[in-house]
Amino acid sequence: MKAAVLNQYDLKLERPEFVVYKDVPEPKIESLFDVIVRVGGAGVCRTDLHVIEGLWRDRVPVQLPYIMGHENAGWIEAVGAGVTGVKVGDPVICHPLLSHGETLAARRGNDMHAGGAFPGIDSNGGYAELLKTAERALIKLPRTLAPKDVAPYADAGLTAYHAVKKAAAHLLPGDCAVAIGAGGLGHIGIQVLKALCAADVIVVDRSEAALKLARECGATHTVRADGNEVDAVLALTGGAGAQAVIDFVGEGAAVANGLKMTCNAGYYYIVGYGGKVEIATMEMIVTEKTIVGNLVGTYSDLVELMALADRGLVNLTTREYRLSEANTALQDLKNGQIKGRAVLIP
Ligand code: ZN
């Protein structure tokens, strides 16, 4: 089969070609609950750039060469002898983790802390014609949703949903939520906020095009990140800051600014990453702020997000590339030239 293969890291993301489009052996069914999915679409994620620049090297036992791609949807191609929940031809979206179902963490629904594999991060993923996954990770798609149109929900959407669901549990009508970044995750997060709660949504981004997309997604106010964004958010919140700040950027000035935009007793949710949180312990006790980490989401989070998508309450903005154009998609993402999410189509 064809795949876009990562052969070497590029610590400064300088090379024009990050991956090589080539023939590789097809994955095979090896155990009872294995499933092979014919990839209909694979989302291109900032995490893929972080993989290329080596950020995940010491976190996961990955060996190069391997195939990235952790936001996958497609059709069932082959199933192991024990698989009963899906059959060949079914359209599915793949939860990104192959968690161990017998662990306590998995039984409590915390799939991301239940061990197992993370295809596309620590093993071969979906920048390919075929992907090996497991029955436990699969959610059948309703007829309204085509695999290539929903693939980025498998991680970008799921991660945004996971964080926003936590925030929405605290947000009351009249409260304010800030979304920092209206890119691949942010534009989904804004729609999920609008669907799950009645708080006003302020969106902060450097790009005017991203802010336009944010308004289309239902943002109440948009703020250009031009150096004065903290003052602008404070002005929109009566000087107090927002009850929830969801930071889809997580690096550069966004982190310190996000904490400053959070009101006393409010919540700052970290979704994007790469930067550092630095706050004095005295500041923490005086302000009673809560800082919350977020990693992907649970299987049931993804089921709920598909229910929102099926009802038309969340819509993805995607830009399609052929799998052979993976380098172009990655470069466009790196250069901030993608509105919404890039999707590779084999
Ligand atoms: Zn991702």
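Since we're looking at a predicted model, the values are computed, not measured. (Residues numbered from 1 in each chain as written. Predicted model: local features only at pLDDT ≥ 70, side-chain atom pairs only at ≥ 80, totals over all residues. Heavy atoms only, no water.)

**A few points about the overall build of the protein chain**
- For the protein chain, the helix and strand inventory stands at 11 helices and 16 strands.
- Here the C-alpha radius of gyration of the protein chain, 20 Å, is about what a compact globule of 346 residues would show, namely 20 Å.
- Expressed along its principal axes, the backbone C-alpha trace of the protein chain runs to roughly 60 × 40 × 35 Å.
- Looking at the protein chain as a whole, 53% of its 346 residues qualify as buried.
- Residue pairs in contact within the protein chain that sit at least 24 positions apart in sequence constitute 70% of those at least 6 positions apart.
- Only carbon and sulfur atoms are counted for the fraction: they give 51% of the accessible area of the protein chain, which is about 15,100 Å².
- Charged side chains of the protein chain number 33 positive and 39 negative; the gap between the two group centres comes to 2 Å. (Helix = DSSP H or I, 4+ residues; strand = E, 2+ residues; numbered from the N terminus. Rg over C-alpha atoms; globule rule 2.2 N^0.38 Å. Buried < 20%, exposed > 50% of the residue type's maximum accessible area, 1.4 Å probe, protein only. Contact = heavy atoms within 4.5 Å. Areas by Shrake-Rupley, 256 points an atom, 1.4 Å probe, with all protein chains shown as cover. Lys, Arg positive; Asp, Glu negative; His and termini not counted. Charge placed at Lys NZ, Arg CZ, Asp CG, Glu CD.)

**Focus: the domain arrangement of the protein chain**
- Split by domain assignment, the protein chain resolves into domain 1 (2-154 + 298-345) and domain 2 (158-293).
- Measuring from the centre of the C-alpha atoms in domain 1 to the corresponding centre in domain 2 gives 27 Å.
- Listed per partner, the contact involves 23 residues of domain 1 and 16 residues of domain 2.
- Summed over both sides, the interface between domain 1 and domain 2 buries roughly 1,700 Å², with carbon and sulfur atoms accounting for 61% of that surface.
- The shortest N-O distance in the salt bridge between Asp301 and Lys165 comes to 3.2 Å.
- At the boundary of domain 1 and domain 2, one finds 9 residue pairs in polar contact (both at pLDDT 80 or more).
- With 5 residues, the top contributor of residues to the side of domain 1 that touches domain 2 is helix α10 (residues 299-310).
- Considered class by class, the residues forming the side of domain 1 that touches domain 2 number 12 nonpolar, 7 polar and 4 charged. (Domains from an automatic or database assignment. Buried area = accessible area lost by both parts, 1.4 Å probe. Salt bridge = Lys/Arg side-chain N within 4 Å of Asp/Glu carboxyl O. Polar contact = N/O pair within 3.5 Å; in protein donor to acceptor, adjacent residues only side chain to side chain. Nonpolar A, V, L, I, M, F, W, Y, C, P; charged D, E, K, R; others polar.)

**What to know about the packing of aromatic side chains**
- Using the criterion set out here, one finds 2 aromatic pairs in the structure.
- On the basis of an interplanar angle of 90° and a centroid distance of 6.2 Å, the ring pair of Trp56 and Tyr273 is categorised as edge-to-face. Of this pair, Trp56 sits in the loop between α1 (46-52) and β4 (66-67) while Tyr273 sits in the loop between β13 (262-270) and α9 (281-287); the two residues are 217 residues apart in sequence, bridging distant segments of the chain.
- Accessibility expressed as a relative area gives 28% for Tyr273, which makes it partly exposed.
- On the basis of an interplanar angle of 15° and a centroid distance of 6.0 Å, the ring pair of Tyr267 and Tyr269 is categorised as stacked.
- Under the relative-accessibility criterion, Tyr267 is labelled partly exposed at 23%.
- Overall, the relative accessible area of 2% leaves Tyr269 in the buried class. (Phe/Tyr/Trp six-rings, centres within 6.5 Å; stacked < 30°, edge-to-face > 60°.)

**Digging into the packing of helix α4 (residues 156-168) against α10**
- It is at 9 Å that the axes of α4 and α10 come closest, and there the two elements cross at 100°. As far as their axial angle goes, α10 and α4 are roughly perpendicular. Residues Gly157, Leu158, Tyr161, His162 and Lys165 of α4 pack against Asp301, Leu302, Glu304, Leu305 and Leu308 of α10.
- Within the contact of α4 with α10, the residues separate by chemical class into 5 nonpolar, 2 polar and 3 charged. (Axes fitted to C-alpha atoms, helices over the stretch in contact; angles between N-to-C directions. Parallel < 35°, antiparallel > 145°, perpendicular 65-115°, else oblique.)

**Quick look at the coordination of the zinc ion**
- Binding of the zinc ion to the protein goes through Cys45 (SG), His70 (NE2), Glu71 (OE) and Asp155 (OD), at separations of 1.8 to 2.5 Å.
- Coordination at the zinc ion is tetrahedral, judged from the 4 donor atoms that bind it and the angles of 95 to 132° they form at the metal.
- Mapped onto the polypeptide sequence, the residues donating to the zinc ion form the spacing pattern C-x24-H-E-x83-D. Placement of His70 in the loop between β4 and β5 (72-79) and of Asp155 in the loop between α3 (147-150) and α4 is noted, with a sequence separation of 85 residues between them.
- Residue Asp155 is classed as buried on the basis of its relative accessible area of 8%. (Donors = N, O, S within 2.8 Å, 3.2 Å for Na, K, Ca; no water. Tetrahedral: all angles 85-135°; square planar, octahedral: opposite > 155°, others 65-115°.)

**Section: the sheet that holds β13**
- Strands sit in the order β11-β10-β9-β12-β13-β14 across an open sheet of 6 strands; the sheet is parallel. Edge positions in the sheet fall to β11 (221-224) and β14 (290-293), since each has one partner strand and no second. Pairwise comparison of adjacent strand axes, ignoring direction, gives a mean angle of 20° for this sheet.
- With 4 bridges joining them, strand β9 (residues 176-180) and strand β12 (residues 242-247) adopt parallel strand pairing. When the bridges of β12 are listed, Ala179 appears paired with Ile246.
- Where α4 meets the sheet, it contacts β12, β13 and β14, and its direction lies at approximately 175° from that of β12. (Pairing = 2+ DSSP bridges.)

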